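Structural overview
Single-letter residue listing:
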Amino acid sequence: MTKKNAWVAGLATPVVIAMLLLFAGSPSVTASNQPSAANAAVKIDNFVFGPQTLTVPVGTTVTWTNSDDIPHTSVSTEGVFKSKVLDTDEKFSYTFTKAGSYPYYCTIHPKMTGTVVVQ
Amino acid sequence: MPDKKQDLIDQKLQDLNNDGVDRRGFLKCMAWAGTGLVWTLSGGIPVSRAFAKDYGKNAGKGADFSFVQISDSHIGFNKPANPDVTATLQTAINKINAMPQSPDFIIHTGDLSQLSKPSEFDTLDQVLKGASAKQIFFVPGEHDMLSDNGAQYLERYGKGTKGTGWYSFDHKGVHFVGLVNVANLKAGGMGSLGQEQLEWFEDDLKGRSASTPIVLFAHIPLWTIYPEWGWGTDDSEQALSYVKRFGSVTVLNGHIHQIMQKIEGKVSFHTAMSTAFPQPAPGTAPSAGPMKVPAEQLQQVLGITDVNYVVSGRSLAIVDSPLGA
């Protein structure tokens, strides 16, 4: 009996530890991954950035996708980020690590403007 | 008919010389833009379908000459609006080569390429090599200055030019100025010439007689056609103030892939068709993107512009021709 209990206890201990690790681990994994896991999208369609103002938490990666038949760019007015020329269906991503307001525009069609607000 | 083009030119010159305004043409196709400017639509512009066989007989009179404007070739574009832009550029060149009186030169008002790729410029060069007119003058469109701030454009097409590619030259008594309004564009703005170029332009015109005909050419229109789509140049008014004293000023632009025309005092503004694909009339579509038309109609909305200068006339006569004619 004693022997068996000890064996069960011996078997149970790693299981419990594993379970504890699992429970302890999952919130910590979520917490540490939150910045890179948060994504947001801006669609370029009909010469418009949509949504024109995008509000996201710090750490969000924003991806612009050009859905037009004409190339566009997404370039920060203050030099924070700068895409290459995006032809049809091409994408550009940037991760915002600091809070602030980031106005940007298409350098080819400067009437096209947008803002990413990072909180 | 053989005299159709000559008749058209004569009539245009007569209209222009009466009072500087082609009122008949204007009334026929007048439209008010939201901005309060008057502009005319392509449907109202006379179109010459037959290039007169005997037009050349007038070539010997004085310094008469003609040149052709082509625009917006967008070599590399391959979307449904025109999957073969190289073929339509070739058609445009064939049309120029078939003219009975060879033009003295060709002006390309920009967007030679779609993405400023070396291969696209190579293809363009290959097609243009077949033109009967050996001299071709260029100004860049925004598509020609992608990625490298126009370094490659300048290397290929802008040797000996100033700044981002502006320059002037004289031909048989007419002063031509190629301006660049697609560089260093500001967020929220339209086309822009910039202070350095404006100063150069003012200086370039200094000392020239007011009777010298002036031809300005640039990619984006130098008059505000539709600001919502960026179809205008923010500082064009300053540039145009420098040409006010001249008796004949012709402004040739591209960018909007359709014909529009405005006459303001002594200044005639004109935009050319594209050789690649049409764009919608201002405000008639959600955006200025390529307009898809049935394949059999494509050649009617692409074309070239033939500009004729007759010494006896005060103005230049402009004849637009669709490719499919």
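Quick notes on the rules
Residue positions are counted from 1 within each chain, in the order its sequence is given. Starting at A for chains and at 1 for ligands, labels are handed out in the order in which the entities are written. Confidence filtering applies because this is a predicted model: local features only for residues at pLDDT of at least 70, side-chain atom pairs given and counted only at 80 or more, and all residues used for totals across whole chains, interfaces and linings. Contacts are defined on C-beta atoms placed from the backbone: any two residues whose C-beta positions lie within 7 Å are in contact. Polar here means any residue outside two lists: the nonpolar Ala, Val, Leu, Ile, Met, Phe, Trp, Tyr, Cys and Pro, and the charged Asp, Glu, Lys and Arg; Gly therefore counts as polar. By definition, two strands form a pair when at least two bridges between them are found by DSSP. Secondary structure is summarised from DSSP: a helix means a run of H or I of at least four residues, a strand means a run of E of at least two, and numbering begins at the N terminus for each. Every axis corresponds to a line fitted to the C-alpha atoms, with the helix fit spanning only the stretch in contact, and the corresponding angles, defined between N-to-C directions, vary from 0 to 180 degrees. A residue's pLDDT is the predictor's confidence in that residue, given on a scale from 0 to 100. The labels follow the angle: roughly parallel below 35 degrees, roughly antiparallel above 145, roughly perpendicular from 65 to 115, and oblique for the rest. The handedness criterion is simple: a crossing whose near helix is rotated anticlockwise from the far helix by less than a right angle is left-handed, and one whose near helix is rotated clockwise is right-handed. The burial criterion counts other C-beta atoms lying within 10 Å of a residue's C-beta, which is placed from the backbone; the residue is buried at 20 or more, exposed at 12 or fewer, and partly exposed between these limits.

**As for the interface of chain A and chain B**
- If you look at the interface, chain A gives 18 residues, while chain B gives 19 residues.
- Its residues assigned to classes, the side of chain A that touches chain B comprises eight nonpolar, five polar and five charged.

**Observations concerning the pairing of strand S7 (residues 100–105) of chain A**
All names here are of chain A.
- Taken together, the two bridges between strand S5 (residues 75–76) and S7 define a ladder with antiparallel strand orientation. When the bridges of S7 are listed, serine 76 appears paired with tyrosine 104.
- Pairing between S7 and strand S8 (residues 113–118): six bridges, direction antiparallel. Bridged to serine 101 within S8 is valine 117.

**Observations concerning the sheet that holds strand S4 (residues 61–66) of chain A**
All names here are of chain A.
- Spatially, S2-S1-S4-S6 is the arrangement adopted by the four strands of the open sheet, whose pairing is mixed. Of all strands in the sheet, those with a lone pairing partner are strand S2 (48–50) and strand S6 (91–95), marking the two edges. Looking at each pair of strands side by side, their axes are set apart by 20° on average, direction ignored.
- The pairing of strand S1 (residues 39–45) with S4 spans six bridges and is classified as parallel. Looking across to S4, one finds that valine 42 is bridged to tryptophan 64.

**Side note on the confidence of the model for chain B**
Residues and elements named next belong to chain B.
- Of the residues in chain B, 79% reach a pLDDT of 70 or more, and the chain-wide mean stands at 82.
- A low-confidence stretch, residues 17–63 stays under pLDDT 50, and its non-local contacts, those more than four residues away or across chains, total 84 contacts.
- Across the whole predicted complex the pTM is 0.80, and at the interface the ipTM reaches 0.79.

**Notes on the packing of helix H3 (residues 85–97) of chain B against helix H4 (residues 118–128) of chain B**
Residue and element names in this part refer to chain B.
- Between H3 and H4, whose axes approach to 10 Å, the crossing angle comes to 25°. Between H3 and H4, the angle is such that the two are roughly parallel. Taken as a pair, H3 and H4 cross one another with a handedness that is right-handed. Residues Thr86, Leu89, Gln90 and Ile93 of H3 lie in contact with H4, whose contacting residues are Thr123, Val127 and Leu128.
- Of the residues assigned to the contact of H3 with H4, the class counts are four nonpolar, three polar and no charged.

**Quick word on the environment of glycine 191 of chain B**
Residue and element names in this part refer to chain B.
- For glycine 191, the location among the structural elements is in the loop between strand S7 (174–178) and helix H6 (195–205).
- The spacing of glycine 191 and glutamate 142 is 49 residues in sequence and 9.4 Å in space, taken between C-alpha atoms.
- Ignoring any residue separated from it by four or fewer positions in sequence, one finds glycine 191 in contact with Asn181, Val182, Ile220, Gly232, Thr233 and Asp234.

**Regarding the environment of proline 282 of chain B**
Residue and element names in this part refer to chain B.
- Mapping proline 282 onto the fold places it in the loop between strand S11 (267–271) and strand S12 (303–309).
- The class of proline 282 is buried, set by 22 C-beta atoms lying within 10 Å.
- In this structure the C-alpha to C-alpha distance between proline 282 and isoleucine 225, which are 57 residues apart in sequence, comes to 7.9 Å.

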